[in-house]
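Residue-level listing of the chains:
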Amino acid sequence: MAEQQQFYLLLGNLMSPDNNVRKQAEETYDNIPGQNKITFLLQAVRDASAAEEVKQMAAVLLRRLLSSSFEEIYPGLTVEMQTAIKTELLTGIQQETSPTIRKKICDIAAELSRNLIDDDGNNQWPEVLKFLFDSVNAENVGLREAALHIFWNFPGIFGNQQQHYMEVIKRMLVQCMQDQANPQIRTLAARAAASFVLSNESNTALLKHFADLLPGILQAVNESCYQGDDSVLKSLVEIADTAPKYLRPNLEETLQLCLRLCADTNLTNMQRQLALEVIVTLSETAAAMLRKHTAIVAQSVPQMLAMMVDLEDDDEWAMADELEDEDFDSNAVAGESALDRIACGLGGKIILPMIKQHIMQMLQNPDWKYRHAGLMALSAIGEGCHQQMEAILQEIVSFVLLFCADPHPRVRYAACNAIGQMATDFAPTFQKKFHDKVISALLQTMEDQSNPRVQAHAAAALINFTEDCPKSLLILYLDNLVQHLHVIMVAKLQELIQKGTKLVLEQVVTSIASVADTAEEKFVPYYDMFMPSLKHIVENAVQKELRLLRGKTIECISLIGLAVGKEKFMPDASAVMQLLLKTQTDFNDLEDDDPQISYMISAWARMCKILGKEFQQYLPVVMGPLMKTASIKPEVALLDTQDMENISEDDGWEFVNLGDQQSFGIKTAGLEEKATACQMLVCYAKELKEGFVEYTEQVVKLMVTLALTVSRVRVAAAESMPLLLECARVRGPEYLTQMWHFMCDALIKAIGTEPDSDVLSEIMHSFAKCIELMGDGCLNSEHFEELGGILKGKLEEHFKNQELRQAKRQDEDYDEQVEETLQDEDENDVYILTKVSDILHSVFSSYKEKVLPWFEQLLQLIVQLICPNRPWADRQWGLCIFDDVVEHCSPSSFKYAEYFLRPMIQSLCDTSPEVRQAAAYGVGVMAQFGGENYRPFCTGMTWSLLYLLAVQLFSDTYMIHVTGLVAPRLNHQVALHKLIGQSGSGGATVGGGRGDRTILVD
């Protein structure tokens, strides 16, 4: 009893507002053995005399314990103890008088049920199923709520008996959704039904069977919203996201309901935004289905625009010197985001005609809020309506530029925003067509001294413009640009000294950096105009509120140095390095969120590029902080629905829904800096080569641990591997081999597990380069076994994805926009296929004939690639792989000739030049490397190739004129050269190559 009382005290301390008390309590709690924790926590939950907050805390901790440590604790309990826990939970639900505590006990029961489903789908707690059936039919409303809550929390509770109980489940949900006396039962039943649908999203038959529950869910959405409860509406958003086709039978009703709720200003902003979110999410997850309901989509566009007009008048806005964080909960931001997403989802062909007239009317409205919203809407739809807007860009730009002179500063700000966004969305066409008008308008707006916020945004738009502006165009305006920027910088530097204002100066410094970056050596005449002032800022802007300005100035100096080159920069290099070194010395004193960190990291890398080998002396100072930043461990968590309610994405968390009421969360704070640091490590390895050897080991150890971070970090990690091997070569073969063994396992595993195709392609590319670098003997039998299984899986996935795309082409929602998406997916798949080819190329070129037995597990899949009915890209890369087999594994390659010889001959006449190129290269390497077995075939091919060359001479002449590409014909010439020279010295390669090589004619 005394122990239990002490435990209650501990629970109280875990809730203490005092950080020290709470931290000490957490340490004490963590040291209690798991089995004891379960006992204490369950007793606390069931103790009627305990304070409610103590019982709540105990319930939350017990659920988390079962969620995170079930396998470590529960199986070690005695059978009696396990039975007691189950009994106590069910008894607690029936006896607990507090609805809040009863709900939390239900959460515990659901979590225990989730863990008691065995590998075969058997529920090891059959009593909980009986409890559900009994409770859902009970007179007691609290028990009915409990049953629905458990089912909502864990809809997979029936395990492998789900099909058997399907009608019972359906009747239970229908019955509860029709409970006229208890609205809370209807709401819970709708949420439970939605949860069940979501957990069976891929079961088409089940979704059809439960389709008649959707009207009840929609009714519950409507009712609950007007009772201040948006939980069912959130469930509808989840269905739109995860199982959108479930909504198809009642899509019209779903959209009408959401439109009505979105338009009702009596509801909260959050409820209105959630209703809109259903429509917007469907535009992303079921665009083709939604395109059949354009009338309703057209009605949703004015709703988004109306939200964007929901702005507050703020007399201080234009003079603000700090940019406040965007209010993501505001209607204006939500409406703009929705417009951006729906334009990207449905495409400009649908959205632009719907919105164009509305925007034109808004831009002519006397109320500044409408003009502001109209311009922001133009900014939002640029990406999604790119093709359609590009056709009328002249009209749009001419109109937008007028608003740079609008009487209201926030409209001028929005005009700058639209210009900056278009400069990015339509680059470089935008820069080429409108450079004179845009630069003039932005420079004029940057002179708006009485409205610093507008001035700063004009400078920001200029950055967007110059980043993608062709150098040849920018230098036409360089003198005028530089003079304007210098005048503003000097004026704002004085303002900083006199008034402490810095917003415009921050943006102008970045504008100068962007202009220098694009102008490169043409910036040399202006170097002395800016460098003294920039150095002065870095020396003196040491106050906390000037950290961002100082960081941006450090960036500007390093970019100017890189632009003008080593010769011009060297006189200042020493002074600049000392300034950077001083900041670096204070690095450990910088707070984790100090903006200077990422600017410093990037600046050092630029200095490395400028100074080359001379930078090596600074590595001891630079590497410590850089490794510290690159080693930031992101906070990750597996969260269930209850935990998610207490954590917001605004707290810096991003979530991926794993289904079954669980999500994976990663806290993104510091990840941007980590990504930058990793990219800079790649830069040092690339620039310094053997000069970086002292750090290769610690960098490799870091890079192989980066699987759970953001994609930019994983790409940098992959890119670094071959570069680090290059650096380590100077230490000799033994050291190099040790390093390779350390990274090899991680690379192979990453190829098998990486979910992002962009990252995967980089990993595969780096792995292939590493094998080429290390050569024969770099892979052991376990490596080969694992790699073979992974490559086989990639090829099988390639074929499966093609089948799925063909199936989508038969879908009732198939249209031309769907086809565009499918073609994008196909290109993505083909790119991964090229990387499979790269890896096989590196293996064949390193291991030669002895790798052929390993290759045979992939043989039939490669043969499948070159079948006549496959797409041309499949045939191209399949032939490329056989080209490598012939080139590197002959004469043994001839045993596979029956698979590729005929397709290769036929492909010489293929309609696709890429396929002809690969086939011709294959014929050439047969002649050069194939040996005696190929001689009869090669002899017979000579006249065929002469004929093909004659035919293609005429057909390709036109293509050369149009595109400059002659690789396929050159490959035929090369192949012919090798055939003719076969009996001599083997024939030298004079041009052409595998499928990935293209030769250009000047």
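Residues numbered from 1 in each chain as written. Predicted model: local features only at pLDDT ≥ 70, side-chain atom pairs only at ≥ 80, totals over all residues. Heavy atoms only, no water.

Our next topic: the overall build of the chain. Within the chain one finds 47 helices and three strands. Out of the 1002 residues in the chain, the part that is buried amounts to 56%. Sequence separation of at least 24 residues holds for 73% of the intrachain contacts in the chain that already meet a minimum separation of 6. Of the accessible surface of the chain, which amounts to about 43,800 Å², a share of 51% is contributed by carbon and sulfur atoms. (Helix = DSSP H or I, 4+ residues; strand = E, 2+ residues; numbered from the N terminus. Buried < 20%, exposed > 50% of the residue type's maximum accessible area, 1.4 Å probe, protein only. Contact = heavy atoms within 4.5 Å. Areas by Shrake-Rupley, 256 points an atom, 1.4 Å probe, with all protein chains shown as cover.)

Its 18 residues give helix α43 (residues 872-889) an end-to-end C-alpha distance of 25 Å, which sits within 8% of 26 Å, the value for a rise of 1.5 Å per residue. With respect to burial, α43 is a largely interior element, 17 of its 18 residues being buried. (Expected span 1.5 Å × (residues − 1).)

A few words now on the pattern of salt bridges. Oppositely charged side chains can pair when the atoms bearing their charge come close. Tallied over the entire structure, the rule returns 42 salt bridges. For E819, the salt bridge is made with R809, and the minimal N-O distance between the two is 2.8 Å. Of this pair, E819 sits in helix α41 (residues 816-847) while R809 sits in helix α40 (residues 781-809), and the two are ten residues apart along the sequence. Look at the salt bridges and you will find they share partners, linking R248, K292, E812 and D813 into a network. (Salt bridge = Lys/Arg side-chain N within 4 Å of Asp/Glu carboxyl O.)

This brings us to the packing of aromatic side chains. In this structure the tally under the stated criterion is 27 aromatic pairs. Seen in terms of ring centroids, W604 and Y618 are 6.4 Å apart; in terms of plane orientation they differ by 35°. Their pairing is tilted. Within this pair, whereas W604 is found in helix α32 (residues 596-611), its partner Y618 is found in the loop between α32 and α33 (619-630), the two being separated by 14 residues in sequence. Just as W604 is buried, Y618 falls in that class too. Stacked on the ring of Y29, the Lys or Arg K37 has its end atom at 4.4 Å from the ring centre. The positively charged end of R731 is found above the aromatic ring belonging to Y735, 5.1 Å away from the centroid. (Phe/Tyr/Trp six-rings, centres within 6.5 Å; stacked < 30°, edge-to-face > 60°. Lys NZ or Arg CZ within 6 Å of the ring centre and 35° of its normal.)

Omega for the bond connecting A427 with P428 falls within 30 degrees of zero, at -5°, which places this linkage in the cis form. By the secondary structure assignment, P428 is in the loop between α23 (409-425) and α24 (429-445). With an omega of 10°, the peptide bond between S890 and P891 qualifies as cis. Summarising the element assignment, P891 is placed in the loop between α43 and α44 (897-907). Here K689, not a glycine, exhibits a phi torsion of approximately 50°, which is positive. Looking at the secondary structure, you find K689 in the loop between α35 (671-688) and α36 (696-703). Among the residues examined, K689 registers a relative accessible area of 43% and is labelled partly exposed. The phi angle at K848 is positive, at roughly 55°, despite the residue not being glycine.

A few words now on a negative patch on the surface. A grouping of D310, E312, D314, D315 and E316 is seen on the molecular surface, where their side chains present a negatively charged patch. Note that E316 resides in the loop between α17 (294-308) and α18 (331-346). (Patch = residues over 30% accessible without salt bridge, like charges linked within 9 Å, V, L, I, M, F, W, Y side chains within 5 Å. Lys, Arg positive; Asp, Glu negative; His and termini not counted. Charge placed at Lys NZ, Arg CZ, Asp CG, Glu CD.)

Residue position: N331 is located in helix α18. Judged by relative accessible area, N331 falls into the buried class, the value being 2%. At 2.9 Å, the side chain of N331 and the side chain of D310 are in polar contact. Discounting chain neighbours no more than four positions away, the residues touching N331 are N269, R272, Q273, M307, M308 and D310. (Polar contact = N/O pair within 3.5 Å; in protein donor to acceptor, adjacent residues only side chain to side chain.)

With that settled, the discussion passes to the confidence of the model for the chain. Mean pLDDT for the chain: 88, with 88% of residues reaching 70 or above. In the predicted structure, residues 956-967 sits below a pLDDT of 50 and forms 20 contacts with residues beyond four places in sequence or in another chain. Low pLDDT, under 50, characterises residues 996-1002; the stretch is placed with 20 contacts to residues that sit more than four places away or in other chains. (pLDDT = per-residue confidence, 0-100.)

To continue, consider the packing of helix α3 (residues 34-46) against helix α4 (residues 52-73). Close contact between α3 and α4 brings their axes to 9 Å; oriented N to C, the two are set at 150°. The orientation of α3 relative to α4 falls into the category roughly antiparallel. Crossing handedness for the pair α3 and α4: left-handed. Two secondary-structure elements touch here, α3 through G34, Q35, K37, I38, L41, L42, A44 and V45 and α4 through K55, A58, A59, L61, L62, L65 and I73. Taken together, the residues of the contact of α3 with α4 sort by class into eleven nonpolar, two polar and two charged. (Axes fitted to C-alpha atoms, helices over the stretch in contact; angles between N-to-C directions. Parallel < 35°, antiparallel > 145°, perpendicular 65-115°, else oblique. Left-handed = near helix turned anticlockwise from the far one by under 90°. Nonpolar A, V, L, I, M, F, W, Y, C, P; charged D, E, K, R; others polar.)

A few words now on the environment of S892. Along the chain, S892 turns up in the loop between α43 and α44. For S892, a relative accessible area of 27% corresponds to the partly exposed category. The spatial distance from the C-alpha of S892 to the C-alpha of L852 is 8.4 Å, given a sequence separation of 40 residues. Those residues in contact with S892 that sit more than four places away from it in its chain are E849 and L852.

Bringing the environment of V524 into the picture now. With respect to the element layout, V524 can be found in the loop between α28 (503-519) and α29 (527-540). Here the alpha-carbon distance between V524 and A563, two residues 39 residues apart in the chain, equals 8.1 Å. Look past the residues within four positions of V524 in its chain and what remains in contact with it is V564 and K568.

Our next topic: the environment of I93. Relative to the assigned elements, I93 resides in helix α5 (residues 79-95). Considered as a pair, I93 and L143 are 50 residues apart in the sequence and their alpha carbons are 7.6 Å apart. If sequence neighbours within four positions are ignored, I93 has contacts with R102, I105, C106, A109, F131, L143, A146 and I150.

To characterise two packed helices, one gives the angle between the axes of the helices and the distance between these axes. One way to put it is that α33 packs onto α35 with a least axis distance of 8 Å and a crossing angle of 140°. As far as their axial angle goes, α35 and α33 are oblique. Two packed elements cross with a definite hand, and for α33 against α35 that hand is left-handed. Only E673, K674, A677, C678, M680, L681, Y684 and L688 of α35 make contact with α33, whose side of the interface consists of L619, V622, M623, L626, M627, T629 and A630. A class-by-class count of the residues in the contact of α33 with α35 yields twelve nonpolar, one polar and two charged.

Turning our eyes to something else, we now look at the state of the cysteines. For the coordinates displayed, the defined rule picks out zero disulfides. C683 takes part in no disulfide bond, and the closest cysteine sulfur, belonging to C608, lies 5.2 Å away. (Disulfide = S-S within 2.5 Å.)

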